[in-house]
Amino acid sequence: DSPEPSQPYNASREIVRGVSWAILMRWGMRSIGLVSTVILARLLSPEDFGVAAMGMLVIGLLYAFTEFGTSMHLIRVKEIDRAQCDTAWTITLLQNWLIALVIVLLAPSAAAYFQEPRIVEVMYVLAIVAFVGGFSSVGPTLLRRELKFDLDFRFNVYKKLLVFTATVGLALWLRSYWALVYGKLVGTVAGVVLSYVVHPYRPAWSLARAPEYLRFAASILPMRLANQLRDMAPKFMVGSLGSASTMGLFTVSHGLATLFTQETVVPMGRGLFPNYTKLASDKAKLSAIYRKVLAMVALVTIPVGVGVSAVAGDLVAVILGPKWQEAVPLIEYLAIGAVVYAISHTMFNQILVATGRERSAAILAWVRLIITVPILALGLAYNGVLGLAQATIIAPLACLPIIYLEIRRAVELPLSALIGLLWRPLLSALIMYLTVKLLHPEYLDWAILRLIWDAVVGAGVFVVTMLVLWVLSGRPQGAERICINMLKKGGRWYAVNAKI
């Protein structure tokens with residue numbers, strides 16, 4: 001049997017520890033990815049990124065349709081044994097083999113949909129990626145179950161470093177989209193090898209617990225499918241335009257716009273879900289932790305997303321280079337849409353499944369999909385790709401009331417408490433945005449200097465405004481107090497260690 005943590009469980013400590021490692025891991029990976037983007041954007045064209053993105057979309061869609069949620073079940077179940085681990089590995093292996101076969105069969109149809117014949121060969125390579133990926137151990141999942149997030153961090157960052165090295169090297173050599181595709185293959189092979197290094201578990205073929213996993217899949221698959229379709233809908237709509245260059249432009253713009261917001265909240269689930277499940281039977285404690293998490297997400301993502309929108313022009317010039325200037329207006333809207341997405345994602349993600357509300361989570365996911373797709377389609381029809389970017393703000397806003405009503409069933413979150421969590425960072429971010437635009441140093445010739453100036457001014461204005469509003473509000477319990485307490489603890493730790 002896989003060992004469980006022997007020390008007494010402390011919810012606050014483990015939430016902070018798990019989320020911190022998850023965010024640190026994601027930021028470590030995204031930092032590597034950002035450096036990779038800076039290099040690849042200058043070596044490759046938007047068209048190269050577009051061809052690779054089209055193939056990746058298809059494989060992502062197939063994973064959505066065949067995802068059994070084996071990792072979630074392995075983490076959520078109270079007691080595990082060897083048979084459960086082996087069954088999880090076997091199901092994942094079969095899933096990947098099936099995906100590899102379907103990718104090969106769908107390649108011609110995908111090329112016809114995207115009006116891009118080059119993706120046929122790309123998809124053949126991605127079929128190999130899926131086949132090889134099936135052999136990964138469930139060891140990394142067991143690390144999360146055992147709350148060993150430091151080892152989970154090493155596993156993912158090491159894998160990303162190998163992908164970075166291979167992709168950049170291939171781009172310098174090939175100067176085409178094949179660098180991105182072969183880089184994906186290298187990353188998959190590295191992930192398989194590392195999955196056996198980081199954990200002693202060794203798999204064996206078994207379907208002994210398959211009925212248990214199938215029951216869980218039946219409850220979780222509708223939700224995961226709807227969420228995946230919603231996330232992929234914008235890119236599929238852009239892909240239908242039949243322009244690899246436009247597809248690459250939107251894909252890279254979306255990645256850069258959401259880098260500092262979605263890439264903060266999405267990885268939090270790795271740390272939150274195992275801890276939410278442990279607190280599921282104590283609604284009061286779960287609600288308190290949930291509100292703290294939501295407050296911290298709002299405090300971080302709102303100013304960052306609004307800030308990215310404010311400095312989009314110089315950000316593109318510094319990171320992507322002159323041939324990507326068409327990305328600027330897209331990022332201005334996509335960054336704001338990413339803020340709304342981040343808040344809504346934090347509100348409902350993980351918590352419903354952790355509290356045993358898989359059916360409610362699935363219904364909510366499909367309602368969001370039904371609301372989102374028409375809004376995105378109208379945006380695309382009205383104003384092209386820019387209209388689609390604008391619609392990414394409207395769609396999640398339209399879904400927020402429904403999300404809130406459903407969340408109230410799982411946790412205690414009065415409307416007054418929700419407003420109390422959001423209004424100070426929202427108002428502070430608005431003042432920050434206006435100040436940055438007003439004081440933007442257009443006279444400076446270097447984009448990087450303008451970017452640094454705007455970032456320093458924006459951060460300073462936001463922090464000062466937040467503190468003033470917090471004090472005027474009577475210094476309530478919230479994200480501000482959490483940050484101040486963390487700074488105090490950090491100061492005491494430094495004082496003690498400095499003496500040593």
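All values derive from a computational prediction rather than experimental measurement.

Rules of the game
Residues numbered from 1 in each chain as written. Predicted model: local features only at pLDDT ≥ 70, side-chain atom pairs only at ≥ 80, totals over all residues. Heavy atoms only, no water. Salt bridge = Lys/Arg side-chain N within 4 Å of Asp/Glu carboxyl O. Helix = DSSP H or I, 4+ residues; strand = E, 2+ residues; numbered from the N terminus. Contact = heavy atoms within 4.5 Å. Expected span 1.5 Å × (residues − 1). Buried < 20%, exposed > 50% of the residue type's maximum accessible area, 1.4 Å probe, protein only. pLDDT = per-residue confidence, 0-100. Bend = angle between axes of the 7 residues up to and from the residue. Phe/Tyr/Trp six-rings, centres within 6.5 Å; stacked < 30°, edge-to-face > 60°. Patch = residues over 30% accessible without salt bridge, like charges linked within 9 Å, V, L, I, M, F, W, Y side chains within 5 Å. Areas by Shrake-Rupley, 256 points an atom, 1.4 Å probe, with all protein chains shown as cover.

It is not clear to me how the pattern of salt bridges should be interpreted in this structure. Could you clarify?
It is possible for side chains bearing opposite charge to pair when their charged atoms get close. A complete count under the given rule lists nine salt bridges for this structure. E47 serves as the salt-bridge partner of R118, at 2.6 Å between the closest nitrogen and oxygen. Taken together, the positions of R118 in the loop between α4 (82-114) and α5 (119-133) and E47 in helix α2 (residues 46-66) put the pair 71 residues apart, joining distant regions of the chain. Between E406 and R409 there is a salt bridge, and its shortest N-O distance comes to 3.6 Å. A cluster of three or more residues bridged by salt bridges with shared partners is formed by E47, E116 and R118.

Looking at this structure, how should I read the environment of V198?
Within the fold, V198 resides in the loop between α8 (178-197) and α9 (210-239). Residues V198 and L143, spaced 55 residues apart in sequence, show a C-alpha to C-alpha distance of 8.5 Å. Setting aside residues up to four positions removed in sequence, V198 forms contacts with P140, L143, L151 and F155.

Where do I start with α2 in this structure?
Note that an α-helix has 3.6 residues per turn; residues three or four places apart therefore point the same way. Compared with the 30 Å implied by 1.5 Å per residue over 21 residues, the 30 Å span of α2 between its first and last C-alpha is a close match. The element α2 is extensively covered by neighbouring structure, given that 16 of its 21 residues are classed as buried.

Whenever I open this one, the side chain of T251 confuses me. Can you help?
Relative to the assigned elements, T251 resides in helix α10 (residues 244-257). Under the relative-accessibility criterion, T251 is labelled buried at 17%. Among all residues touching T251, those that are not within four sequence positions of it are A53 and K235.

Could you clarify how one ought to interpret the confidence of the model for the chain in this entry?
The predicted structure's coordinates, where accompanied by low pLDDT, should not be read in detail. In the predicted model, the chain carries a mean pLDDT of 86, and 90% of its residues have values of at least 70. Low confidence marks residues 1-6, where pLDDT is under 50. Its contacts with residues over four positions away, or in another chain, come to 11 contacts.

Got a minute to help me understand unusual backbone geometry in this structure?
Note: most peptide bonds trans; most residues except glycine with negative phi. Even without glycine at this site, R175 takes up a positive phi of about 55°. Take R175: it is sitting in the loop between α7 (149-174) and α8. One non-glycine residue, R475, lies in the positive phi region at around 55°.

Just checking my understanding: could you explain α4 for this structure?
Taking 1.5 Å of rise per residue, the 33 residues of α4 would be expected to cover 48 Å, and the 44 Å separating its terminal C-alpha atoms lies within 8% of that figure. Along α4, the sharpest kink reaches roughly 50°, centred on L106 and followed within four residues by the proline P108.

Teacher, can you tell me more about the packing of aromatic side chains here?
When we look at a pair of aromatic rings, we describe it by the centre distance and by the angle of the planes. Using the criterion set out here, one finds nine aromatic pairs in the structure. A centroid spacing of 5.3 Å and a plane angle of 20° characterise the contact between W178 and Y182, whose relative ring orientation is stacked. Of this pair, W178 and Y182 both sit in helix α8, four residues apart, roughly one helical turn.

Just to check I follow, could you spell out a nonpolar patch on the surface for this structure?
Nonpolar side chains collect at one region of the surface, where L415, I419, W423, L427, L430, I431 and L434 lie side by side and expose about 620 Å² of accessible area between them. With respect to the secondary-structure elements, L415 resides in helix α18 (residues 415-438). With a relative accessible area of 48%, L415 lands in the partly exposed category.

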